[in-house]
Amino acid sequence: ALVTTTEMFKKAYEGKYAIGAFNINNMEIIQGIVNACKVKNSAVILQVSKGAMKYAGPRYLKAMVDAAVEETGLDIALHLDHGPDLATVKEAIDAGFTSVMIDGSHLEFEENVKITKEVVEYAHSKGVVVEAELGILAGVEDDVHAEEHVYTDPDQAVEFVERTGVDSLAIAIGTSHGAFKFAGEPDLKFHILEEIQKKMPGFPIVLHGASAVSQDHIAMCNEFGGNIKGAQGIPTDMLRKASAMAVCKINMDTDIRLAMTAAIRKAFADKPEAFDPRGYLGAARNEIQSLVEKKIEEVLGSENSM
Ligand code: G3H
Ligand code: 13P
Ligand code: ZN
Ligand code: NA
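Report follows, based on the coordinates. Bear in mind the structure is a predicted one, so any value in this text is a computation, not a measurement.

### A short note on the site of ligand 1
No. 1: Around ligand 1, the surrounding shell consists of Asn23, Ser49, Gly51, Ala52, Asp81, His82, His177 and Asp253.
No. 2: A breakdown of the residues in the shell around ligand 1 according to their chemical character gives 1 nonpolar, 5 polar and 2 charged.

### With respect to helix H4 (residues 58-72)
No. 1: For H4, with 15 residues, the first-to-last C-alpha span of 21 Å sits near the 21 Å given by 1.5 Å per residue.
No. 2: Residues of H4 that are buried include every one of Pro58, Leu61, Lys62, Val65 and Ala68, and no others. One face of H4 carries all of its buried residues, which in axial projection span an arc of 115°. What points out from H4, more than 90 degrees from its buried face, is the exposed set Arg59, Glu70 and Glu71.
No. 3: Looking one or two residues beyond H4, the residue adopting positive phi is glycine 73, at roughly 75°.

### Thoughts on the pairing of strand E2 (residues 44-48)
No. 1: For E2, a buried count of 5 out of 5 residues is recorded, marking the element as mostly surrounded by other parts of the structure.
No. 2: Residues Val44, Leu46 and Val48 of E2 are buried on one face, and the alternating residues Ile45 and Gln47, pointing to the opposite face, are buried as well.
No. 3: Here strand E1 (residues 19-23) runs beside E2; their pairing, made up of 3 bridges, is parallel. Across the sheet, the residue bridging to alanine 21 is isoleucine 45, located in E2.
No. 4: Taken together, E1, helix H2 (residues 27-40) and E2 form a β-α-β motif whose crossover is right-handed.
No. 5: The pairing of E2 with strand E3 (residues 76-83) spans 5 bridges and is parallel. Looking at E3, one finds that glutamine 47 is bridged to histidine 79.

Each value, and the rule that gives it
- Position numbers for residues start from 1 in each chain and track the written sequence from start to end.
- Chain labels run from A onward and ligand labels from 1 onward, assigned in the order the entries are written.
- Only residues with pLDDT of 70 or above have their local features reported here, since the model is predicted, and side-chain atom pairs are shown and tallied only from 80 upward, although totals for entire chains, interfaces and linings are computed over all residues.
- Should the C-beta atom of a residue, placed from the backbone, lie within 6 Å of a molecule or strand, that residue is near it.
- Three residue categories are used. Nonpolar comprises Ala, Val, Leu, Ile, Met, Phe, Trp, Tyr, Cys and Pro, charged comprises Asp, Glu, Lys and Arg, and polar comprises the others, including Gly.
- Going along the chain from the N terminus, every DSSP run of H or I of four or more residues is numbered as a helix, and every run of E of two or more is numbered as a strand.
- Expected helix span is computed as 1.5 Å times (number of residues minus one).
- Whether a residue is buried, exposed or partly exposed follows from its count of other C-beta atoms within 10 Å of its own C-beta, namely 20 or more, 12 or fewer, or something in between, respectively; the C-beta atoms are built from the backbone.
- Starting at the helix axis, one direction is taken to each C-beta atom, and the arc is that of these directions.
- Any two strands with at least two DSSP bridges between them are considered paired.
- A crossover gets the label right-handed when its path from the first strand over the helix to the second runs clockwise, viewed with the strands pointing away from the viewer.

Note that every value here comes from positions in space, so none of it alone points to a role or purpose.
Next up, the structure:
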């Protein structure tokens, strides 16, 4: 069914695993993800950024997600990713989303509390759950560019959750969005996650910027005409460690983009005479399915979570 994340997170927390939250922008991405979840019998979160709403239209995406629920019988949550304001949140809720994020992470603490409280009040009145964010991920987030990580302060996290009534919290422990996460050695601040978990036992934590950035996909892109240099993601063992802790939602978009692009580049190179979009988009869908099956096994641990 189309569900909120409440039960998913409760089971994930207790079972020491995490639910995958994958960004969707079109039909092939949706089908690749849910076909994998069907094979693995895994619950899933399909999330839509403001840019995705603009690209595909929230109603198109909602209708395709409804079709995915009907076809697979899976528990799927439809989530607004990085909602910038109450207007966008309302648009998503009106379209039938079951979960929304309000991202006030670049605001002053009190302003973040204020906007998050407003969103929680509105969303809860509609039966929709809310994710907020505290701390700043380095890199580009919401058109804002941060040079440095601002790690989440555990005491502030407790105060923030108490005062806002938010259902889950995204934290900054060293991950970042996109394909260039570390110039040197990967480093996540697990002691911050541990402290937050100790102070708020049972409360679901969200990890953004959690793509692993497969070097195989980078190589495949570059072999077939691409030019991507210096890309590095979060090592799989770190992600698995996080998913066994309080982290109940792991966000991945970059990995989907790379899988899709690698497959399409290869399809073009393999058959330069072909021009049926079902050829290369079908290859992209298959590549996304394999990627998500691997994520469920190696990163999330959400197999048989249905
Ligand atoms: O966190 C951002 C996601 O990767 C979505 O990216 O805003 O380009 O759709 P987007
Ligand atoms: P990646 O760029 O690491 O895939 O992160 C995606 C994300 O956090 C979406 O909100
Ligand atoms: Zn994010
Ligand atoms: Na977990």
